[in-house]
Amino acid sequence: MPHFSESAPLHRTLQPSAAFMLAHPAHAIALGLGSGLAPKAPGTVGSLWGWLSWLVIQNYLALPAQALLIATALVVGWWACTVTARHMGVSDPGAIVWDEVIAMWLIFYLVMPTNFWGQLSAFVLFRFFDAVKPGPVAWADQLFKGFGWRGGWGIIWDDLVAAFCTLLVIALWRWF
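If you're wondering where the values come from, they're calculated on a predicted model, not measured in any experiment. (Residues numbered from 1 in each chain as written. Predicted model: local features only at pLDDT ≥ 70, side-chain atom pairs only at ≥ 80, totals over all residues. Heavy atoms only, no water.)

1. Side note on the nonpolar core
The biggest cluster of nonpolar side chains holds 45 residues, and the ones touching the most others in it are Trp 105, Ile 107 and Phe 108. At the level of secondary structure, the elements contributing two or more residues to this core comprise helix 1 (18–22), helix 2 (25–30), helix 3 (42–60), helix 4 (63–88), helix 5 (98–111), helix 6 (116–132), helix 7 (136–143) and helix 8 (148–175). Contacts of Trp 105, omitting those with residues within four sequence positions, involve Gly 50, Ser 53, Trp 54, Ile 57, Leu 69, Ile 70, Ala 73 and Trp 98. (Core = buried A, V, L, I, M, F, W, Y, C linked by side-chain atoms within 4.5 Å. Buried < 20%, exposed > 50% of the residue type's maximum accessible area, 1.4 Å probe, protein only. Helix = DSSP H or I, 4+ residues; strand = E, 2+ residues; numbered from the N terminus. Contact = heavy atoms within 4.5 Å.)

Structure below.
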């Protein structure tokens with residue numbers, strides 16, 4: 001298998017399998033430890049996985065460790081998304097959901113503590129911005145396309161912008 005830094009796609013696998021996920025550590029990460037294998041709405045399933053995993057993470061890590069985890073997940077996720085997209089032969093496959101996981105972690109890191117309804121509102125807002133891609137999210141989605149490190153960053157970037165939009169709406173909602 002060619003080295004992961006090459007930018008050309010290897011082969012086309014539109015619907016990855018558990019075997020594909022387990023074939024490379026980058027695949028397991030990018031596919032959200034299996035949540036991206038959902039046959040319907042993998043982005044929503046990945047976002048739910050991000051939410052549920054954050055509820056566990058926040059109980060075991062102090063705030064500085066949570067921030068370090070998010071920063072590390074971002075860098076490792078960039079690598080994993082780059083490699084997995086190339087191996088799948090698709091520049092931004094729907095099965096890659098690590099971007100949703102990171103975005104949910106960032107949102108909950110910044111809005112917690114909040115009750116279930118606050119968490120649900122954050123989840124729904126993020127899913128709206130991620131799926132509909134209004135304004136700045138659409139811009140971010142088009143900014144970095146293709147394969148290689150630029151394309152891997154593009155997979156993550158639009159979800160970070162969707163997370164920012166979510167946080168902006170929550171901040172305005174709390175302010176008014």
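Back to the write-up after that little detour.
2. Focus on the pattern of salt bridges
In the structure shown here, the tally under the stated rule is four salt bridges. In this structure, the salt-bridge partner of Lys 133 is Asp 130, at a minimum N-O distance of 3.4 Å. We classify Lys 133 as partly exposed; its relative accessible area is 22%. For the salt bridge of Asp 141 with Lys 145, the shortest nitrogen-to-oxygen distance reads 3.7 Å. Look at Asp 141 and you get buried, because its relative accessible area is 11%. You can call Lys 145 partly exposed: its relative accessible area is 38%. (Salt bridge = Lys/Arg side-chain N within 4 Å of Asp/Glu carboxyl O.)

3. Considering helix 8
When the terminal C-alpha atoms of helix 8 are compared, their 41 Å separation across 28 residues agrees well with the 40 Å that a helix rising 1.5 Å per residue should span. Ile 155 marks where helix 8 bends most, by close to 25°. (Expected span 1.5 Å × (residues − 1). Bend = angle between axes of the 7 residues up to and from the residue.)

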